Amino acid sequence: MPLSGRPRDNRKPREKEMPNRINEKIRGVSEVRLVGENVEQGVYSFQDAMRIADEQNLDLVEISASANPPVCRVVDYQKFLYQQKKKQKEAKANSAKVVVKEIRFGPQTDEHDYNFKLKHAQEFLKEGDKVKAYVFFKGRSILFKEQGELLLARFCQDLEEYGKPDRVPVLEGKRMIVNLTPKK
């Protein structure tokens, strides 16, 4: 046992799982559909496909294992992995990121604080972010549910030109919540 008092982790490090099988790791296959550059596309025996890949000093990469026969491409595997990572990065960059900004009120928030938070919510909605506004009830302040509901209704009404509420204010535990989505 090491000096730290915790037992050592004796598990073997996992071999990085490859998303696609390559070359000799493609098993249990007699025929493959071959695609790729400088290759005549068609159905080949596995040995012929491996020979074609070896002649070009490239790898045989299984693209679609579920197809019948499996689809394999003759390509440099490192270059193939690089292109896949590049495509994933582009897809991630193009996907819309939804940011939710939270604004917290007390049931008896005074006018200045309300206006300050309203201005922030307007900016958030202009930038395209969603706004989650809630009234937090602490201790006995749960008795002022109506005040919280009126506050959130007024908040939604004041932000009408910037965003619309997803639903009416809902009491969840000690919070009364309303979500606002920006208008296009």
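Residues numbered from 1 in each chain as written. Predicted model: local features only at pLDDT ≥ 70, side-chain atom pairs only at ≥ 80, totals over all residues. Heavy atoms only, no water.

In this structure, Phe-105, Phe-155 and Leu-159 are the most contacted members of the largest nonpolar core, which totals 20 residues. Only β5 (100–105), α3 (111–126), β6 (130–136), α4 (145–158) and β9 (175–182) provide two or more residues apiece to this core. Filtering out sequence-adjacent residues up to four positions away, Leu-159 remains in contact with Leu-118, Ala-121, Gln-122, Leu-125 and Leu-180. In this structure, Val-32, Val-39, Cys-72 and Val-74 belong to the second largest nonpolar core, which totals 13 residues. (Core = buried A, V, L, I, M, F, W, Y, C linked by side-chain atoms within 4.5 Å. Buried < 20%, exposed > 50% of the residue type's maximum accessible area, 1.4 Å probe, protein only. Helix = DSSP H or I, 4+ residues; strand = E, 2+ residues; numbered from the N terminus. Contact = heavy atoms within 4.5 Å.)

Right, let's get into α3. The terminal C-alpha atoms of α3, which comprises 16 residues, lie 22 Å apart, in line with the 22 Å expected from a rise of 1.5 Å per residue. All buried positions along α3 are accounted for by Tyr-114, Leu-118, Ala-121, Gln-122, Phe-124 and Leu-125. Projection of α3 onto a plane perpendicular to its axis shows the buried side chains occupying an angular sector of 160°, all on one side. Seen from the buried face of α3, the exposed residues on the opposite side, beyond 90 degrees, are His-112, Lys-119 and Lys-126. (Expected span 1.5 Å × (residues − 1). Arc of directions from axis to C-beta.)

The next subject is the confidence of the model for the protein chain. Per-residue confidence for the protein chain gives a mean pLDDT of 82, with 90% of residues at or over 70. When the elements of the protein chain are averaged for pLDDT, strand β8 (residues 170–172) gives the smallest value, 84, and α3 the largest, 91. (pLDDT = per-residue confidence, 0-100.)

Across the sheet, which stays open at both edges, the 4 strands sit in the order β2-β1-β4-β3 with mixed pairing between neighbours. At either margin of the open sheet sits one strand with a lone partner, and together these are β2 (42–45) and β3 (59–64). The sheet shows a mean angle of 45° between the axes of neighbouring strands, taken without regard to direction. Two strands pair when backbone bridges link them, and strand β1 (residues 31–36) and strand β4 (residues 71–75) are joined in this way by 4 bridges, in the parallel orientation. Paired with Val-35 across the two strands is Arg-73, which belongs to β4. (Pairing = 2+ DSSP bridges. Axes fitted to C-alpha atoms, helices over the stretch in contact; angles between N-to-C directions.)

Quick look at the packing of α3 against α4 now. Where α3 contacts α4, the axes come no closer than 11 Å and their chain directions differ by 45°. Between α3 and α4, the angle falls in the class oblique. Both α3 and α4 take part in a crossing whose hand is right-handed. For the pair α3 and α4, the contacting residues are Glu-111, Tyr-114, Lys-117, Leu-118, Ala-121 and Gln-122 in the first and Leu-151, Arg-154, Phe-155 and Asp-158 in the second. Classifying every residue of the contact of α3 with α4 gives 5 nonpolar, 1 polar and 4 charged. (Parallel < 35°, antiparallel > 145°, perpendicular 65-115°, else oblique. Left-handed = near helix turned anticlockwise from the far one by under 90°. Nonpolar A, V, L, I, M, F, W, Y, C, P; charged D, E, K, R; others polar.)

Right, let's get into the pairing of β9. For β9, the buried fraction is high: 6 of the 8 residues fall into the buried class. Across 3 bridges, strand β7 (residues 163–165) lies against β9 in antiparallel orientation. When the sheet's bridge partners are listed, Gly-163 is paired in β9 with Pro-182. With 3 bridges connecting them, β8 and β9 associate as antiparallel partners. The residue bridging Leu-171 from the neighbouring strand is Met-176, located in β9. Here β8 folds back onto β9, and the loop between the two strands holds 2 residues, one of which, Gly-173, carries a positive phi near 70°.

This brings us to the pattern of salt bridges. Per the stated rule, a full pass over the model turns up 6 salt bridges. For Arg-51, the salt bridge identified is with Glu-55, shortest N-O distance 3.1 Å. Here Arg-51 and its partner Glu-55 are both found in helix α1 (residues 46–55), 4 residues apart, which amounts to about one turn of the helix. According to the relative accessible area criterion, Glu-55 is exposed, its value standing at 56%. For Arg-154, the salt bridge is made with Glu-111, and the minimal N-O distance between the two is 2.6 Å. (Salt bridge = Lys/Arg side-chain N within 4 Å of Asp/Glu carboxyl O.)

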